[in-house]
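Residue-level structure breakdown
The residues making up each chain are set out below.
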Amino acid sequence: MSPRSNDHPEAPPSVVLDLDDPGTPLPSVRPQGTVVLLISGAVNRQWAADAALALGAEWARGGRRIVLADLHLENPLLHAGLDVSNLEGMVDIFLYGASLSRIAQPVRAGEFYLIPAGTYAPDVAEIYRHPRWKKLVSGFRDTDAALILFVPAESADLEALSAWSSEAVLLGPPPERGFVDEVRERGIEVVAIMEPPATTTTPAAAAYEASPEASAPLSTLSNGVDDVTPAPAAGASEPESSRTGRSERTPGPPPEVDLELPPPPVRRRRERHGASVFMWFLLAIAVLGAAGYLVATLRPDLLPGAPPAAAPGEGPATSDEAESPGASRLGELLPYSVQVRAFTSLPAARSELAAEQRRLPSTLFFISPEEIQGVRYYKLLAGLATDTLSAVQLRDELVDRGAIEIEDASDSWSLLQFTPLAFDMGEYTMREAALSRADSLLVSEIPTYVATTPYSDGSSRWQVYGGAFRDSASAASMREMLESNGLDARLTARTGLPVTLSE
């Protein structure tokens with residue numbers, strides 16, 4: 001390749017990626033950044049999706065934790081042909097506060113994780129420029145994991161993505177002359193251009209070397225066909241004739257057309273009315289909360305992850321004398337808390353907890369360990385709330401008082417944690433005894449907290465809880481901590497008196 005002047009920097013290397021030949025090694029291109037873009041060209045989009053999955057698996061085998069995310073928000077591609085649901089994904093993480101640990105799904109025998117596109121986004125620009133990107137990327141950077149974004153060349157907001165990424169791989173030929181230069185002008189280096197084996201020359205390099213005055217689409221660049229359809233408009237579905245992926249890929253059903261808008265066709269999710277869906281969701285939460293309260297009050301052993309009810313005569317695990325004869329335990333189900341932040345070390349979480357507790361002594365802050373994608377996080381949570389309304393009010397008060405950054409609470413559901421289960425670490429008649437028990441467990445690096453539990457005779461007792469979890473799977477990390485210290489790991493419904501922030 002001949003040297004180039006400073007006005008025409010060297011073109012990215014163009015390599016052939018043969019996905020149909022299992023014996024062909026994948027290219028050795030390995031971007032090193034925290035956020036890497038896989039930009040799919042306008043030709044052979046299905047091949048680009050398969051290439052993204054193959055590269056994700058290859059880079060994961062190199063020892064790095066890889067999470068591949070689909071930003072083809074109008075026409076998702078990566079989940080097709082995999083045992084992966086597209087009901088929730090990137091859109092839900094940004095707009096609806098969905099948990100990354102719940103949305104990311106292991107694929108290819110657990111080699112790496114995939115985040116599908118998820119719910120339809122009425123405003124794609126809102127996703128690309130959402131303030132939660134800062135928090136999301138920071139989490140990947142802190143754990144030395146890589147977020148690989150599969151984005152469409154013709155509609156991705158590369159200017160917004162350049163704030164988080166400086167490396168990109170182009171999958172397929174550029175959609176137009178000068179595209180690579182445009183990407184570079186945004187501070188993103190195109191480290192390689194990968195193409196299917198049907199390309200007989202190096203059209204990517206030829207496109208790069210072409211006259212800059214020419215701006216017409218590269219109709220001569222094809223993947224085994226003579227005529228290439230120009231790139232569709234933003235959000236448009238690709239013609240079926242351009243989807244020439246591998247034969248074992250089973251195409252999904254065609255998307256429905258929204259009759260209230262002109263083409264392009266979109267997914268069925270767009271037809272839903274946001275307000276009505278939100279009201280139905282609130283109604284469902286209320287019904288589930290009422291049912292959960294009844295179950296927790298009458299039969300807490302029926303909750304998911306809870307052990308069978310104790311046999312007659314065994315009674316609950318306590319360290320004090322039993323309550324007065326005839327007195328029964330009352331209290332409400334406390335299924336909600338607010339996440340303040342998360343840490344990868346217990347000392348850092350304890351230091352932040354102490355600072356917040358001194359600053360806001362009127363609410364309860366506690367630590368809950370949970371393993372997410374192979375890393376144990378110590379979540380700093382606040383409050384014991386009975387419903388989402390109380391939890392949202394607590395979250396907003398914590399934002400006003402500076403405990404939570406405002407950009408982390410950008411929508412109505414962000415930071416709300418549905419955690420109806422906790423480990424039973426004993427119940428005590430004296431608050432001092434419960435706090436002493438919590439301190440003794442902390443010596444073994446087991447964080448706990450104390451909740452007040454009323455009884456029918458007017459008395460109160462104090463329950464020591466360990467962690468706060470949505471199900472038994474999320475509680476696995478703390479169960480391991482307890483069992484390794486020879487302690488009982490009894491998961492139970494979290495009940496007692498609610499605690500929120502007050503003056």
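Residues numbered from 1 in each chain as written. Predicted model: local features only at pLDDT ≥ 70, side-chain atom pairs only at ≥ 80, totals over all residues. Heavy atoms only, no water.

1. Considering the overall build of the chain
The cut-off we apply is this: Each helix is a run of H or I in the DSSP string that is no shorter than four residues. Each strand is a run of E no shorter than two, and both are numbered from the N terminus. Using a 1.4 Å probe on the protein chains alone, a residue whose accessible area is under 20% of its type maximum counts as buried, one over 50% counts as exposed, and one in between counts as partly exposed. Pairs of residues are marked as contacts when any of their non-hydrogen atoms sit within 4.5 Å. We get accessible surface area from the Shrake-Rupley algorithm with a probe of 1.4 Å; when it comes to residues, only the shown protein chains can shield them.
Looking only at helices and strands, one finds 13 helices and 18 strands in the chain. Buried residues in the chain amount to 47% of all 503 residues. Pairs at least 24 residues apart make up 74% of the contacts formed inside the chain by residues separated by at least 6 positions. Element-wise, carbon and sulfur atoms account for 54% of the exposed surface of the chain, whose accessible area totals about 24000 Å².

2. A few points about the nonpolar core
In plain terms, the rule: By nonpolar core we mean a set of buried residues, namely Ala, Val, Leu, Ile, Met, Phe, Trp, Tyr and Cys, connected to one another through side-chain atoms within 4.5 Å.
Core analysis: the biggest nonpolar cluster contains 41 residues, and I39, L71, W133, L147, L149 and L161 have the highest contact counts within it. Top contributing element to this core by residue count: helix α2 (residues 90-95), with 5 residues. Aside from chain neighbours lying at most four places away, what touches W133 is L71, M90, F94, I127, Y128, L147, L149, L161 and W164. Within the second largest apolar cluster, 31 residues are counted, among which are A48, A57, A60 and A192.

3. Remarks on the pairing of strand β2 (residues 35-40)
Defined as follows: In this scheme, strands are said to pair when DSSP sees at least two bridges between them.
β2 sits mainly inside the fold: 6 of its 6 residues count as buried. Alternating positions in β2 separate into two faces, V35, L37 and I39 on one and V36, L38 and S40 on the other, with burial throughout. Examined bridge by bridge, β2 and strand β7 (residues 167-171) share 5 bridges and lie parallel to one another. Bridge pairing in β7 links I39 to L170.

4. Describing unusual backbone geometry
Backbone geometry at D144 places phi at a positive 55°, although glycine is not the residue there. Take D144: it is sitting in the loop between α5 (132-142) and β6 (145-152). The class of D144 is exposed, set by a relative accessible area of 54%.

5. Some thoughts on the sheet that holds strand β8 (residues 189-195)
Selection rule: Axis lines are fitted to C-alpha atoms, over the contacting stretch for helices. Their N-to-C directions set the angle, which ranges from 0 to 180 degrees.
The strand order β1-β8-β7-β2-β6-β3-β5-β4 describes an open sheet built from 8 strands, whose pairing is mixed. Unpaired on one side and paired on the other, β1 (14-16) and β4 (105-107) mark the two borders of the sheet. In this sheet, neighbouring strand axes are inclined to one another by 30° on average, regardless of whether the strands run parallel or antiparallel. Bridge count for strand β3 (residues 65-70) against strand β5 (residues 112-115) is 3 bridges, and the pairing is parallel. Directly across from V67, in β5, lies its bridge partner Y113. Packed onto the sheet, helix α1 (residues 45-61) meets β2, β3, β5, β6, β7 and β8 and runs at close to 135° relative to β7. Lying over the sheet, α5 contacts β2, β3 and β6, oriented at roughly 135° with respect to β6.

6. Some points on the sheet that holds strand β12 (residues 375-385)
A sheet is described by the order of its strands in space; here 4 strands give the open sequence β11-β12-β10-β13, paired in antiparallel fashion. The strands lining the two open edges of the sheet, one partner per strand, are β11 (365-372) and β13 (416-418). Sheet twist, expressed as the mean angle between neighbouring strand axes with direction ignored, is 45°. Both strand β10 (residues 336-343) and β12 contribute to a ladder of 6 bridges, which runs antiparallel. When the bridges of β12 are listed, A342 appears paired with K379. Packing against the sheet, helix α13 (residues 476-484) makes contact with β11 and β12, and its axis sits at approximately 105° to β11.

7. Here's the deal with the pattern of salt bridges
For clarity, the cut-off: Think of a salt bridge as a Lys or Arg side-chain nitrogen and an Asp or Glu carboxyl oxygen that are within 4 Å of each other.
Considering all chains together, one arrives at 16 salt bridges under this definition. Linking R184 and E189 is a salt bridge whose minimum nitrogen-to-oxygen distance equals 3.4 Å. On the basis of relative accessible area, R184 is assigned to the buried category, the value being 18%. On the basis of relative accessibility, which here comes to 36%, the residue E189 falls in the partly exposed class. Here E356 and R341 are joined by a salt bridge, their closest N and O atoms 3.7 Å apart.

8. Observations regarding the environment of S337
Quick reminder of the rule: Whenever two N or O atoms come within 3.5 Å, that pair is a polar contact, provided that in protein one can donate a hydrogen and the other can accept it, and provided that, for residues adjacent in sequence, both atoms are side-chain atoms.
Structurally, S337 is set in strand β10. A C-alpha to C-alpha distance of 6.0 Å links S337 and A385, two positions 48 residues apart in sequence. Within the local environment of S337, its side chain forms a polar contact with the backbone oxygen of G383, the two atoms lying 2.7 Å apart.

9. So, the pairing of β6
Taken across its 8 residues, β6 has 8 buried, putting it largely inside the fold. A two-sided burial pattern is seen for β6, the buried positions comprising A145, L147, L149 and V151 on one face and A146, I148, F150 and P152 on the other. Where β2 meets β6, 6 bridges bridge the pair, whose relative direction is parallel. Directly across from S40, in β6, lies its bridge partner P152. Two elements, β3 and β6, share 6 bridges in a ladder whose sense is parallel. Bridge pairing in β6 links I66 to A146.

10. Let's talk about helix α10 (residues 346-359)
For the record, the criterion: Expected span of a helix, by definition, is 1.5 Å for each gap between consecutive residues, and there is one gap fewer than residues. Comment: arc refers to directions from the helix axis out to C-beta atoms.
With 14 residues, α10 should cover 20 Å at 1.5 Å per step; its first-to-last C-alpha distance of 20 Å lies within 8% of that length. Regarding α10, the residues found buried are L346, A349, L353 and E356. Taken around the axis of α10, the buried residues stretch over an arc of 95°, which confines them to a single face. Across α10 from its buried face, at more than 90 degrees, point the exposed residues P347 and R358.

11. A look at the side chain of H130
With respect to the helices, strands and loops of the structure, H130 is situated in the loop between α4 (124-128) and α5. On the basis of relative accessibility, which here comes to 7%, the residue H130 falls in the buried class. Separated by 3.0 Å, the side chain of H130 and the backbone nitrogen of R132 make a polar contact.

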